[in-house]
Amino acid sequence: MIRLQNIEKVYRTDTVETLAINGISLDVAKGEFLSIMGPSGCGKSTLLNIMGLLDEPSKGNIKIDEQDISRFSDQKLAKFRNQKLGFIFQSYHLINDLRVLDNVELPLLYRNSSAKERKILATAALEKVGLSNRLKHFPTQLSGGQRQRVAIARAIVGNPQIILADEPTGNLDSAMGNEIMDILINLNKNEGTTIVMVTHDESMAHKTHRLVRLFDGSQFNNQKLC
Ligand SMILES: Nc1ncnc2c1ncn2[C@@H]1O[C@H](COP(=O)(O)OP(=O)(O)O)[C@@H](O)[C@H]1O
Ligand SMILES: [Mg+2]
């Protein structure tokens, strides 16, 4: 589903050059749940952003669902990203002055759905994450775990084949973290969604199919878990 070939990423400022990703090749199969671990600053977010087409590699090749995205125009890339990929971040990235339902509808605004259709789809996504009773709340009126569930609803509302999650349980206590993890596991199992998750938590990683460990921008371990 995702194929990275010899990916390099160099960040340049006036004085410093950082090699954030140093020659990574990685395949993620359709329906796989992959976790990525590694020390802070080793390139996990950079790699996830490259997979999610939010950032371009300095070198190397990316294929998503067998399509070579390097040939895509910016417009085609934006559409592709909107339809194929859902993102979840550690700090939720919700818009605080929009109600829960409106936050979840956001990805659909870039499609040609009617207001009625958007509402139906967003309500269904919120039902899947167990938040049907919070549609009219604002994010600031919710707990961390509930906010992350809204973020998951927003990520899945467009029915993406791939979900990329950057430390989705990083700001949550273990009970709330486990709830989030259960939602992701069910999405993977029941809908066949391919998931790549960065985590600091060994116990979360060990609930996934495979664990890739990064160190200083390189992959040094690739462990099949089940
Ligand atoms: N926009 C940027 N500009 C310059 N350096 C960056 C930028 N983003 C990340 N880096 C550097 O790239 C390396 C990898 O960062 P990151 O992918 O965020 O690591 P991780 O998510 O594993 O903590 C770090 O050394 C970081 O300082
Ligand atoms: Mg990071």
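Small disclaimer: the values here were computed from a predicted structure and weren't measured. (Residues numbered from 1 in each chain as written. Chains lettered and ligands numbered in written order. Predicted model: local features only at pLDDT ≥ 70, side-chain atom pairs only at ≥ 80, totals over all residues. Heavy atoms only, no water.)

Engineer: Residues and numbers for the pairing of strand β9 (residues 210-215), please.
Structural biologist: A large share of β9 lies buried, amounting to 5 of its 6 residues. In this sheet, β9 lies alongside strand β3 (residues 33-37) in parallel orientation, the contact comprising 4 bridges. Bridging across to β9, Met37 finds its partner in Arg213. Here 6 bridges tie β9 to strand β10 (residues 218-224), and the two strands are oriented antiparallel to one another. Bridging from a neighbouring strand, Val212 pairs with Asn222 of β10. (Buried < 20%, exposed > 50% of the residue type's maximum accessible area, 1.4 Å probe, protein only. Helix = DSSP H or I, 4+ residues; strand = E, 2+ residues; numbered from the N terminus. Pairing = 2+ DSSP bridges.)

Engineer: Lay out the site of ligand 1 in plain terms, naming residues and giving numbers.
Structural biologist: Residues in contact with ligand 1, as listed here, are Tyr11, Thr18, Ala20, Pro39, Ser40, Gly41, Cys42, Gly43, Lys44, Ser45 and Thr46. One nitrogen or oxygen atom from the side chain of Lys44 is found 2.8 Å from an oxygen atom belonging to ligand 1. At 2.6 Å, a side-chain N or O of Thr46 approaches an oxygen atom of ligand 1. Burial of ligand 1 by the surrounding chains reaches 61%, relative to a free accessible area of 560 Å². Take the shell around ligand 1: its biggest share by element is 3 residues, from helix α1 (residues 44-51). The class makeup of the residues in the shell around ligand 1 is 4 nonpolar, 6 polar and 1 charged. (Near = heavy atom within 4 Å. Polar contact = N/O pair within 3.5 Å; in protein donor to acceptor, adjacent residues only side chain to side chain. Areas by Shrake-Rupley, 256 points an atom, 1.4 Å probe, with all protein chains shown as cover. Nonpolar A, V, L, I, M, F, W, Y, C, P; charged D, E, K, R; others polar.)

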